[in-house]
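Inside the fold
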Amino acid sequence: MSTHEPYLQPHQARKRPNTQFEELLGDSIERAFGSGVTELAALLAHLNLAGPPCPLTSGEWTEDAYKTLMARLGE
């Protein structure tokens, strides 16, 4: 009988490595959360200032573009 607790592999659901854009986006979102951002509007403002630019628009992060991209990345 094992006494070790099961653990979560942080990348267990990955089907491929992250792209450079995904790494930059994740880093920017983490910085926003680390600075106290908790609302979507503030997160979008942070992304529009810090980047990376949104690939679904001319670079501007909008609520619709963010939600659409997150849904795609979550597939």
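Residues numbered from 1 in each chain as written. Predicted model: local features only at pLDDT ≥ 70, side-chain atom pairs only at ≥ 80, totals over all residues. Heavy atoms only, no water.

Per an unreviewed UniProt entry, the protein chain carries the name Recombinase-like domain-containing protein and comes from Pseudomonas lactis.

**Some remarks on helix α2 (residues 40–50)**
Which entries qualify depends on this criterion: The buried label applies to any residue whose accessible area, calculated with a 1.4 Å probe on protein chains only, is under 20% of its type's maximum; exposed applies above 50%, and partly exposed to all values in between. In this text, helices come from DSSP runs of H or I with a minimum length of four residues, and strands from runs of E with a minimum of two, each type numbered from the N-terminal end. Each direction from the helix axis to a C-beta atom contributes to the arc, which is the arc of those directions. Any two residues whose heavy atoms approach within 4.5 Å at even a single point are treated as in contact.
Taken residue by residue, α2 has L43, L44, H46 and L47 as its buried positions. Each buried residue of α2 sits inside an arc of 160° when the element is viewed along its axis, so together they form one side. Facing away from the buried side of α2, by more than 90 degrees, are the exposed residues A41 and L49. Of the surrounding secondary structure, the elements contacted by the buried residues of α2 are α1 (20–34) and α3 (63–73). Of the residues one or two after α2, G51 is the one with positive phi, at around 80°.

**Points about the packing of aromatic side chains**
Here is the rule we go by: Stacked, edge-to-face and tilted labels apply to pairs of Phe, Tyr and Trp rings (six-membered ring for Trp) whose centres lie within 6.5 Å, assigned for plane angles under 30 degrees, over 60, and everything in between, in that order.
All chains considered together, the criterion is met by one aromatic pair. Where W61 meets Y66, the ring centres are 6.1 Å apart and the plane angle is 65°; that geometry is what we call edge-to-face. Y66 carries the same exposure label as W61, and that label is buried.

**Some words on the environment of K15**
Mapped onto the elements, K15 comes out in the segment before α1. The exposure class assigned to K15 is exposed, which follows from its relative accessible area of 76%. Here the alpha-carbon distance between K15 and E75, two residues 60 residues apart in the chain, equals 9.7 Å.

**Points about the packing of α1 against α3**
Note the cut-off: Convention adopted: a line fitted to C-alpha atoms gives each axis, helices being fitted over their contacting stretch, and angles between N-to-C directions are expressed from 0 to 180 degrees. Note on terminology: angles under 35 degrees are roughly parallel, angles over 145 are roughly antiparallel, angles of 65 to 115 are roughly perpendicular, and the others are oblique. Crossing handedness follows the turn of the near helix against the far one: under a right angle anticlockwise gives a left-handed crossing, and clockwise gives a right-handed one. Gly falls in the polar group here, along with every residue not listed as nonpolar (Ala, Val, Leu, Ile, Met, Phe, Trp, Tyr, Cys, Pro) or charged (Asp, Glu, Lys, Arg).
Where α1 contacts α3, the axes come no closer than 13 Å and their chain directions differ by 120°. Taken as axis vectors, α1 and α3 run oblique relative to one another. Judged by the twist between their axes, the crossing of α1 over α3 is left-handed. Residues F21, E22, L25 and I29 of α1 touch α3, and the partners they reach there are Y66, L69, M70 and L73. Looking at the contact of α1 with α3, its residues break down into seven nonpolar, no polar and one charged.

**Digging into the side chain of H46**
Relative to the elements of secondary structure, H46 occurs in helix α2. For H46, a relative accessible area of 18% corresponds to the buried category. Every residue in contact with H46, bar those within four places of it in the chain, is listed here: S28, R31, A32 and G51.

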